[in-house]
Amino acid sequence: MNYLTERQTISIPIPEEFRENALKFAREQLTQTRARQVYLNTLAVQVVNTYLQMLDIPTDLESSYIWQPYRRLIDNVADLVLTGVGHLECRAIRTGDRICYIPPEVWDDRIGYVVVEINQTCKEGKIWGFLPNVTTSEIDINQLQPLDELIERSHLVSLRAWLENIYTTEWQTVEEFTRKRKPQFAFRSIKHVRGLKLESQDIVWQIIEQFYPNHSWQKGLLSKLMSKNFNNRCEELEVNNNSNISSELLDILVHLIRTTEDEETRWTLAEILWTLQPNHPVVTARRIMDLGMQLDGSSVALMVAVLPKPDQTVAVLLRVYPMNHTYLPLGLQLAGLYEDGQPFLEVQAREEDDYIQLKFCAEFGEKFRVRVGLNDAVITENFVI
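About the criteria used
Residues numbered from 1 in each chain as written. Predicted model: local features only at pLDDT ≥ 70, side-chain atom pairs only at ≥ 80, totals over all residues. Heavy atoms only, no water. Pairing = 2+ DSSP bridges. Helix = DSSP H or I, 4+ residues; strand = E, 2+ residues; numbered from the N terminus. Expected span 1.5 Å × (residues − 1). Buried < 20%, exposed > 50% of the residue type's maximum accessible area, 1.4 Å probe, protein only. Polar contact = N/O pair within 3.5 Å; in protein donor to acceptor, adjacent residues only side chain to side chain. Patch = residues over 30% accessible without salt bridge, like charges linked within 9 Å, V, L, I, M, F, W, Y side chains within 5 Å. Areas by Shrake-Rupley, 256 points an atom, 1.4 Å probe, with all protein chains shown as cover. Salt bridge = Lys/Arg side-chain N within 4 Å of Asp/Glu carboxyl O. Axes fitted to C-alpha atoms, helices over the stretch in contact; angles between N-to-C directions.

Undergrad: How should I be thinking about the sheet that holds strand β1 (residues 10–13) in this particular structure?
TA: Within a beta sheet, neighbouring strands are joined by backbone hydrogen bonds and run either parallel or antiparallel to one another. The mixed open sheet is built from six strands, whose spatial order is β1-β7-β6-β4-β3-β2. The open sheet terminates on both sides in strands that have one partner only, identified here as β1 and β2 (59–60). In this sheet, strand β7 (residues 124–131) lies alongside β1 in antiparallel orientation, the contact comprising four bridges. Looking at β7, one finds that Ile12 is bridged to Gly125.

Below, the structure written as structure tokens:
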């Protein structure tokens, strides 16, 4: 039996407002071919947006690339931003088409691809299905998966979206989180590294030299970057205040975070940069969420941080902090799980642990779960890179 005839599709009416938006965008284009393309893809994006809103999946249409005049003029885009998840590409076909064209420029930086059939009157859109990724310009609509996977993916926390500064409201910066909860929240910024108090630029320089004692090329680079600021290197640093931090020192830390191969060193340098300038764009993909009093009466917070690596993978840091006490409850567990629920990393709080953590690396597209548990109480959060 032909699979195509059995596929479940979703039909969405296209109102006049959608067609007006599409016509407005099409008139900006320089050729008839591009105008037709933009017209149909704009309809497709609005159809998918309507469908997701019907499912109470939050979207941000106006933040999508296709809603930005410059981007739709120079790029063949048809994306819809799913809030806190990322860009979903919505490509249009016409009634009777069985092949959908996906331009190479949108093969990356997408959480998936949806194909929408626009009928001849442009008054109805039919959503055919979903693909999580593509590697070819033409896809047969027989290849499309049911929309269930798209719906499941829309409920995942996308760490790739964090790298693009897209977040959901429940995940806050550590600074916002701490400010709202003092003095209850027990989080403390890093103040000591390798026994040295992090209070001046000279101290930071000493820490860097401890990590890279025999790298003459590094010393040459660092000396060059620091040369403009030798007279100011003894100035005291005010934590979370960048007024006394030289741009050269920040450049050094950023360079080392991006190029070092040792994961422990990478995260230590990232913590230094968090302390000196928590809003630096290289380390802003760090968020924290209150898990509440769900763990056997104990209140804790989960922090997740992501750093891109030179090999196009990402480094992930998970931490659990106590909310109302100095230390975590004895025996509290933090685990990283595969999609099937099997753990790949686990750690358990000991006496007087003020946080516990896990570090690992992952590839874009990978899914994992984070489980925080105490006795019989368990909280699980689902993520995708």
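Moving on from the model shown.
Undergrad: Which parts of the structure should I look at to understand helix α11 (residues 263–276)?
TA: Residue pairs spaced three or four apart in an α-helix point in one direction, given the helix's 3.6 residues per turn. Taking 1.5 Å per residue, 14 residues should reach 20 Å; α11 reaches 20 Å between its end C-alpha atoms and fits that length. By the criterion of burial, α11 is predominantly enclosed, with twelve of the 14 residues buried. Within the sequence span of α11, burial applies to Glu263, Thr265, Arg266, Trp267, Leu269, Ala270, Glu271, Ile272, Leu273, Trp274, Thr275 and Leu276. The N-terminus of α11 is capped by Asp262, whose side-chain oxygen sits 3.3 Å from the backbone nitrogen of Glu264.

Undergrad: Which parts of the structure should I look at to understand a nonpolar patch on the surface?
TA: Together, Leu30, Tyr70, Leu73 and Ile74 make up an exposed nonpolar region whose accessible area comes to about 470 Å². Inspection of the secondary structure puts Leu73 in helix α4 (residues 69–74). Assessed through its relative accessible area of 40%, Leu73 is described here as partly exposed.

Undergrad: Looking at this structure, I do not really get the sheet that holds strand β17 (residues 356–362). What am I missing?
TA: Read across the open sheet, the four strands follow the order β12-β13-β14-β17; overall the sheet is antiparallel. Edge positions in the open sheet fall to β12 (286–290) and β17, since each of these has one partner strand only. Averaged over all adjacent pairs, the angle separating strand axes in this sheet is 15 degrees, with direction ignored. When strand β13 (residues 300–308) meets strand β14 (residues 314–322), the two strands line up antiparallel, connected through nine bridges. Residue Leu302 lies in a different strand from β14, and its bridge partner there is Val320.

Undergrad: Can you walk me through the pairing of β7 in this structure?
TA: Looking along a regular strand, one sees side chains alternate from face to face of the sheet. Counting buried residues in β7 gives six out of eight residues, a clear majority hidden from the surface. Pairing geometry for strand β6 (residues 112–118) and β7, over six bridges, is antiparallel. Counterpart to Glu117 in the pairing with β7 is Lys126. Between the antiparallel neighbours β6 and β7 lie five residues, among them Cys122 with a positive phi of about 60 degrees.

Undergrad: I keep staring at unusual backbone geometry and nothing clicks. Help me out?
TA: Trans peptide bonds make up the majority, and among non-glycine residues the majority have a negative phi. If you check the backbone angles, Asp109 has positive phi at about 60 degrees while not being a glycine. Along the polypeptide, Asp109 turns up in the loop between β5 (99–101) and β6.

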